[in-house]
Amino acid sequence: MTGKIIPVPPFDCIVFGGAGDLAERKLIPALYHRQCTGQLSESSRIIGVSRSPMSDIEYCDFAVQAIKTHVNKEDVSATQLRQFLSRLSYLSVDATSNVGWDKLKQKVENESAKVRAFYLALGPALFGDIAVRLGANGLVTSDTRIIVEKPVGNNLRTAQALNDRLGKVFSENQIFRIDHYLGKETVQNLMALRFANVLYEPLWNSDHIDNVQITVSESVGLEDRAGYYDHAGALRDMVQNHLLQLLCLVAMEPPAMLDANAVRDEKLKILHSLAPINAGNVGKCTIRGQYLAGTVADKSVKSYLEDLGKEKSNTETFVALKIDIANWRWAGTPFYLRTGKRMTKRVSEITVTFKSVPHSIFDKSAGEITANRLVIRLQPNEGVSQWLMIKDPGPGTTRLQHVSLDMNFSNAFAGRNPDAYERLLMDVMRGDQTLFMRRDEVDAAWQWIDPIHQGWEKIGQTVDGYKAGTWGPLRSIAMIERDSRTWNNSV
Ligand code: BG6
C-alpha cells in the first residue's frame, strides 16, 4: 500500500523523550521505514533527548532494539540499518532546568537551513516548559516546528492555558498537534471515498442516511497507564480527539480543496454544530461503563479496579453516545459513538446505514429488504464493504439477499500498510498541517465535551460494569434499541 515517495526537505528531528515508550514503539520504527523508502535526504538527523545520560552508541543500541522488536524481520536490512544509525545521536537535556540546553543549541545551530522539528514524546505536563525553554535558548527559527502528542489539556481551560504557552513561542502554523487516527490509511481514505467518487455525495445526508455508527473497541485494558487513565477516562482519552475527528470527516461539507485550512474549517463547523449534551440530557444520550473481570481472546483478565489496584473508581473505560448534528445536512440522523477497553476484540469501524426503500415491489416470500450499509473498516483488515440487496441466483421465485461488495486493502494493493506515524512525521517535515488539529478544533472539541463531564457529575451518573470480552454495558444496547436500531457488530 506504499504510495509514491515524495522526498522531504533535510531535517533535524529532535525527540524529547527520545528513549521513551513512544519513541521505541512508533517514532524510531516509522523513521526507519521512511529511510528504507529513500525519503530522507542524506543530511537529515534524528537527535534523541532526555534527562538520563546515554552515549550515542547506547542510543543506537536502543534504536536497534526498537527496530528489531517493532519492524517486521523482512523489512530490516543491514545496509539500511547502518545508514539509519549514522543519522542518530543523543543528548542529555533536562526539560525542567538549564542543564544540557547549550549542548543542544551547539548541535543544531550550524544547521539552521534545515527544518527543525521538536517532537515532545513525553508527559504533557512538560510541554509548556519545554516550549518556553526552546524560545529562551534561541532554538526557534522560522523553519522550526513543534509536535505535541495528546492530551492537549484535560478540559477547555487547561487546553487553552497550554495552547497559550505554546503560542507565545510558536505561531499556529508551527504547531503540529498529533491525533494519530488522522494518519491511519483508512481514515485518509474517508476523504477519497467521499470526495473522489460521485456515488455517495448525493445520498450523504439525512434524506437518505438513517444513522451513522462509529465503534472503536479495544481488547487491551489499562496497560501501564493508571496515573494518566484514571484521571482521563474514555471520553477524554478517545472521544474528545479520535472519535470526534472521525465524526467530523464523515459529516463535514466538501472542502473547496485539500488544503489544511480548508479541511479544518469544515471540521470546525461540524464541531460547532454538535447538539449540546449536558445535565439535561446526559442520562439519555450517554452510557458509561467500566470493565469487570472476564475473558478476552480466550485469556482470563482482571477487572479495571484490580488493574488499577484500587477499591473504588468512577472512571469510565467505555462510553457510548448518541449525538445529533444540528445542521441542514444531518438534522434527524443520529450519530452513535462507542469506544471501550477490554471489549470483545480490537476493531475500529464506521457504519453508515442508509434508509430503507420507500416501497417494496417484492412479495413477502422474497424476504425482508435490509437497508444498504457502507462499512469502513479502519483496523484491522482495513477496507470498505458496501452492503446491497441482490437476488439469490437460480430459477423459481425471487428471493432477496443482503450481500457485501468487499474491498480488503491488503488484497487490493500490494505492499506494506504504513503506520500512521510515518505519514504524520513526513507531513511535519513538509509543513503540511492537514492531518493535524488546529487550536480552534481542540477548543471546540473541549467546549462540547466539558458539559458532558459536568452533566455526569451533576446527575451523579455512575459507571455500569461490563464483563471484559463483551461489547460493553447492556444499557448501551438498550440505548440504541430504544430508537429501534442495533449496533453493527458485523465486525
Ligand atoms: C490512544 C489512547 O490515543 O489511542 C489509548 O490514549 C488507545 O488509550 C490508543 O489505546 C488506541 O490507538 P490504536 O491506534 O491502537 O487504535
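The structure displayed is predicted, hence computed values, not measured ones.

**Here's the deal with empty space enclosed by the protein**
Inspection of the entire model under this criterion finds three cavities of 30 Å³ or more. The wall of the largest cavity is formed by Leu 182, Val 187, Gln 188, Met 191, Leu 249, Val 263, Lys 267, Thr 434 and Leu 435. Secondary-structure elements contributing two or more residues to the lining of the largest cavity are α7 (185-195) and α9 (260-273). By residue class, the composition of the lining of the largest cavity is six nonpolar, two polar and one charged.

**Some details on the packing of aromatic side chains**
Counting across every chain of the model gives 13 aromatic pairs. Seen in terms of ring centroids, Tyr 291 and Tyr 304 are 5.7 Å apart; in terms of plane orientation they differ by 80°. Their pairing is edge-to-face. One end of the pair, Tyr 291, is in strand β8 (residues 286-292); the other, Tyr 304, is in helix α11 (residues 304-308), and 13 residues separate them in sequence. Judged by relative accessible area, Tyr 304 falls into the buried class, the value being 1%. Here the aromatic cluster, defined as three or more aromatic residues joined through ring pairs, consists of Tyr 228, Tyr 229, Tyr 291 and Tyr 304. When the ring centre of Tyr 291 is taken as origin, the NZ or CZ atom of Arg 342, which lies over that ring, is 6.0 Å away. Above the ring of Trp 387, the side-chain terminus of Arg 373 is found at 5.6 Å from the ring centroid.

**Re the packing of helix α5 (residues 127-136) against helix α6 (residues 156-169)**
It is the contact of α5 with α6, at a shortest axis distance of 9 Å, that shows an interaxial angle of 10°. With respect to α6, the axis of α5 lies roughly parallel. Residues Phe 127, Gly 128, Asp 129, Ala 131, Val 132 and Gly 135 of α5 pack against Leu 162, Arg 165, Leu 166 and Val 169 of α6. Across the contact of α5 with α6, the residue classes tally to six nonpolar, two polar and two charged.

**Here we look at the site of the ligand**
Lys 150, His 180, Tyr 181, Lys 184, Glu 218, Arg 225, Asp 237, Met 238, His 242, Lys 341, Arg 346 and Gln 379 make up every residue found near the ligand. Here Asp 237 contributes a side-chain N or O atom positioned 2.6 Å from an oxygen atom of the ligand. In isolation the ligand offers 400 Å² of accessible surface; the protein chains occlude 82% of this area. Per-element tally for the shell around the ligand: the top contributor is helix α8 (residues 226-251), with three residues. Considering only residue class, the shell around the ligand consists of two nonpolar, three polar and seven charged.

**Some details on the side chain of Ser 385**
Along the polypeptide, Ser 385 turns up in strand β15 (residues 383-391). Judged by its relative accessible area of 4%, Ser 385 is buried. One polar contact links Ser 385 to Asp 406, side chain to side chain, over a distance of 2.5 Å. For Ser 385, the residues in contact, after removing those within four places along its chain, are Arg 373, Leu 374, Val 375, Arg 377, Ser 404, Leu 405 and Asp 406.

**A short note on the state of the cysteines**
Per the counting criterion, the structure on display carries zero disulfides. Considering cysteine sulfurs only, Cys 60 is the nearest to Cys 36, which forms no disulfide, with 15 Å between them. Residue Cys 36 is classed as partly exposed on the basis of its relative accessible area, which comes to 29%. Looking at Cys 60, it has no disulfide partner, and the nearest cysteine sulfur is the one in Cys 13, 15 Å off.

Criteria and thresholds
- Here the residue numbers are simple positions, counted from 1 along each chain's written sequence.
- Confidence filtering applies because this is a predicted model: local features only for residues at pLDDT of at least 70, side-chain atom pairs given and counted only at 80 or more, and all residues used for totals across whole chains, interfaces and linings.
- To get the side-chain values, all heavy atoms of the structure are used, and hydrogens and water are removed first.
- For each structure, a 1 Å grid was placed over the protein atoms alone; sets of points admitting a 1.4 Å probe that cannot get out are labelled cavities, open sets with protein on both sides within 12 Å along at least five of seven lines are labelled pockets, and lining residues have an atom within 4 Å of a point.
- Grid points are joined across faces, edges and corners, and a volume is the space filled by probe spheres set on the points.
- Segments assigned H or I by DSSP are reported as helices when at least four residues long, segments assigned E as strands when at least two residues long, and all are numbered from the N terminus.
- The classification used treats Ala, Val, Leu, Ile, Met, Phe, Trp, Tyr, Cys and Pro as nonpolar, Asp, Glu, Lys and Arg as charged, and all other residues, Gly among them, as polar.
- Only Phe, Tyr and Trp rings take part, Trp by its six-membered ring, and two of them pair if their centres are within 6.5 Å. Stacked means planes under 30 degrees apart, edge-to-face means over 60, and tilted covers everything else.
- Partly exposed residues are those whose accessible area sits between 20% and 50% of the maximum for their type, while under 20% is buried and over 50% is exposed, using a 1.4 Å probe and protein chains only.
- Only Lys NZ and Arg CZ are tested; either one counts as a charge over a ring when it is within 6 Å of the ring centre and within 35 degrees of the ring normal.
- For helices, the fitted line uses only the C-alpha atoms of the stretch in contact; every axis is such a line through C-alpha atoms, and the angle between N-to-C directions lies from 0 to 180 degrees.
- Orientation categories follow fixed angle ranges, with anything under 35 degrees roughly parallel, anything over 145 roughly antiparallel, 65 to 115 roughly perpendicular, and all other angles oblique.
- Any two residues whose heavy atoms approach within 4.5 Å at even a single point are treated as in contact.
- It suffices for a single heavy atom of a residue to lie within 4 Å of a molecule or strand for the residue to be listed as near it.
- Whenever a nitrogen or oxygen atom comes within 3.5 Å of another N or O atom, the pair is scored as a polar contact, on the condition that within protein one atom can donate a hydrogen and the other can accept it, and that pairs from neighbouring residues in sequence are kept only if both atoms are in side chains.
- All accessibility values rest on the Shrake-Rupley procedure with a 1.4 Å probe; residue burial counts only the protein chains present in the view.
- Criterion for a disulfide: a pair of cysteine sulfur atoms at a distance within 2.5 Å.

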